[in-house]
Amino acid sequence: MNQLLVILLLCLSVAGPLKAKTKQPKPKAQHVLVIGIDGWGGYSLAKAHNIPNIQSLMRQGCYTVKKRSVLPSDSGVNWASMFNGSCPELHGYTTWNSHTPEIPSVELNEHGKFPTIFSILRKARPDVVTGCIAEWDGIKHVTDTLAMDFYDVVDEKDNEHLTRVAEKYIKEQKPTLLAVCYDQVDHVGHGEGHDTPAYYKVLEHIDAQVGRIIQALKDAGIYDDTVILMTADHGGINKGHGGQTLEELEIPFIVCGKGIRKQGEISDVVMQYDTAATIAEIFCLKRPQAWRGDPIYSVFQ
């Protein structure tokens, strides 16, 4: 009888730890800010002279000017791929102004949308505060706004309006994940042309807005626990985009902040849909099987 009792106690001591809850990994940072610039070609970083805030982010973290857009190199399909973590063939958004998937999405979440970084973060952590502020209303069609606390479209001709809305939201809400998307660079690319004095002038203006948003993070007291990620949907050539030239496909990818290496230029291959996967890695989220993006592991400390 005593032998049976000893055996039973040994079994319970072994089984006990197996039933214990698995400890959730700690996020690499508590906040992520995505700053997206529509039509921002990777070539511009070597030619722009007065962009001190963007250059400071590059020095403080990691960057590449050769991240690639998906095809076609247009807005809707690439904003979708950026936030949906997958390619057009799977999420289904295939044109510059997609409102609904032209190809049925291979997977749908509880909102009837392809899983986005916003929706998987919300599902894993219902208490998070998330938002997206954009100058182009097309972004709302390719992201899951039902998974956000706040979504706003502001006047695309007034960059400072977008910045003011973003500053206020950051200071008041201290969002877990916020995307701020500027559009005017693309407008100048279509009007005056890419790689023109007018193009670089508006990029300099956007750089000043970036500086204000960074200051808002500091004023809110969350700068030291934030990862800042800057990127674009596509580049451009002459007065257009959508084609297959490197000027249209290659875009910047800059990441710096909490837990990010200060290593300068990275050699990794980076695709548009790697953006969402990298954010998911920061928050220690399980990526949906339908995603095709990979985190850029080399940027992490």
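Use the structure listed above.
What counts as what
Residues numbered from 1 in each chain as written. Predicted model: local features only at pLDDT ≥ 70, side-chain atom pairs only at ≥ 80, totals over all residues. Heavy atoms only, no water. Helix = DSSP H or I, 4+ residues; strand = E, 2+ residues; numbered from the N terminus. Rg over C-alpha atoms; globule rule 2.2 N^0.38 Å. Buried < 20%, exposed > 50% of the residue type's maximum accessible area, 1.4 Å probe, protein only. Expected span 1.5 Å × (residues − 1). Contact = heavy atoms within 4.5 Å. Salt bridge = Lys/Arg side-chain N within 4 Å of Asp/Glu carboxyl O. Disulfide = S-S within 2.5 Å. Pairing = 2+ DSSP bridges. Axes fitted to C-alpha atoms, helices over the stretch in contact; angles between N-to-C directions. Parallel < 35°, antiparallel > 145°, perpendicular 65-115°, else oblique. Nonpolar A, V, L, I, M, F, W, Y, C, P; charged D, E, K, R; others polar.

Undergrad: Please explain the overall build of the protein as it appears in this structure.
TA: When you go through the protein residue by residue, the secondary structure sums to 11 helices and eight strands. Over its C-alpha trace the protein gives a radius of gyration of 21 Å, about what one expects of a compact globule, namely 19 Å for 301 residues. Over its C-alpha atoms, taken along the principal directions, the protein stretches across nearly 90 × 45 × 35 Å. Residues counted as buried form 56% of the 301 residues belonging to the protein.

Undergrad: Just to check I follow, could you spell out helix 7 (residues 159–173) for this structure?
TA: Given 3.6 residues per helical turn, the α-helix brings residues three or four places apart onto the same face. Over its 15 residues, helix 7 runs 21 Å from end to end, which matches the ideal 21 Å to within 8%, given 1.5 Å per residue. Within the sequence span of helix 7, burial applies to N159, L162, T163, V165, A166, E167, Y169 and I170. Contacts from the buried residues of helix 7 go to strand 3 (130–134), strand 4 (150–153), strand 5 (177–182), helix 8 (184–191) and helix 9 (197–219). Downstream of helix 7 by one or two residues, K174 has phi in the positive range, about 50 degrees.

Undergrad: How do you make sense of the pattern of salt bridges when you look at a structure like this?
TA: One side chain can pair with another of opposite charge once the charged atoms of both are near each other. With the rule as written, the count across this model stands at eight salt bridges. Between K168 and E172 there is a salt bridge, with the nearest N and O atoms lying 3.2 Å from each other. With K168 and E172 both in helix 7 and four residues apart, this pair spans about one turn of that helix. Its salt-bridge partner being D225, residue K258 comes within 3.0 Å of it at the nearest N-O pair. A residue pair is termed long-range when its members are at least 10 positions apart, and K258 in the loop between strand 7 (250–257) and strand 8 (264–265) and D225 in the loop between helix 9 and strand 6 (226–232) qualify at 33 residues. The class for K258 is partly exposed, based on a relative accessible area of 35%. Looking at D225, the relative accessible area reads 23%, which means it is partly exposed.

Undergrad: Before we go on, may I ask you to explain the state of the cysteines in this structure?
TA: What makes a disulfide is a covalent bond joining the sulfur atoms belonging to two cysteines. Overall, the coordinates contain zero disulfides when judged by the stated rule. The cysteine C181 is free of any disulfide, with C132 supplying the nearest cysteine sulfur at 4.5 Å. Cysteine C284 remains unbridged, with the sulfur of C62 as its closest cysteine sulfur at 18 Å. On the accessibility criterion, C284 (26% relative accessible area) is partly exposed.

Undergrad: Before we go on, may I ask you to explain the sheet that holds strand 3 in this structure?
TA: Remark on secondary structure: sheet strands pair via backbone hydrogen bonds, oriented parallel or antiparallel. With mixed pairing, eight strands are arranged side by side in an open sheet as 4-3-5-1-6-7-2-8. Strands at the two margins of the open sheet, each flanked by one partner only, are strand 4 and strand 8. As defined by bridge partners, strand 3 adjoins strand 5 across five bridges and the pair is classed as parallel. Looking across to strand 5, one finds that G131 is bridged to L178. Those strands touched by helix 7 are strand 3, strand 4 and strand 5, and its axis lies near 170 degrees from that of strand 5.

Undergrad: For this particular structure, what's the right way to read unusual backbone geometry?
TA: Negative phi values dominate among residues other than glycine, just as trans dominates among peptide bonds. In this chain, L71 is followed by P72 through a cis amide linkage whose omega measures -5 degrees. For P72, the location among the structural elements is in the loop between strand 2 (62–68) and helix 3 (75–84). Phi is positive for C284, which is not a glycine, with a value near 60 degrees. Structurally, C284 can be placed in the segment after helix 11 (274–282).

Undergrad: Just checking my understanding: could you explain the pairing of strand 6 for this structure?
TA: Consecutive side chains along a regular strand alternate between the two faces of the sheet. Among the seven residues in strand 6, seven count as buried, and that is most of the element. Neither face of strand 6 is exposed, since T226, I228, M230 and A232 on one face and V227, L229 and T231 on the opposite face are all buried. Where strand 1 (residues 31–37) and strand 6 come together, seven bridges link them in parallel fashion. Each bridged residue has a counterpart across the sheet, and for I35 the counterpart in strand 6 is M230. Where strand 6 and strand 7 come together, five bridges link them in antiparallel fashion. When the sheet's bridge partners are listed, M230 is paired in strand 7 with I254.

Undergrad: Explanation requested: the packing of helix 8 against helix 9 in the structure shown.
TA: Angle between the axes and distance between the axes: these two values describe a pair of packed helices. It is at 9 Å that the axes of helix 8 and helix 9 come closest, and there the two elements cross at 175 degrees. For the element pair helix 8 / helix 9, the angle class is roughly antiparallel. Contact residues: Q184, V185, V188 and G189 in helix 8; A198, Y199, V202, L203 and I206 in helix 9. Grouping the constituent residues of the contact of helix 8 with helix 9 by class yields seven nonpolar, two polar and no charged.

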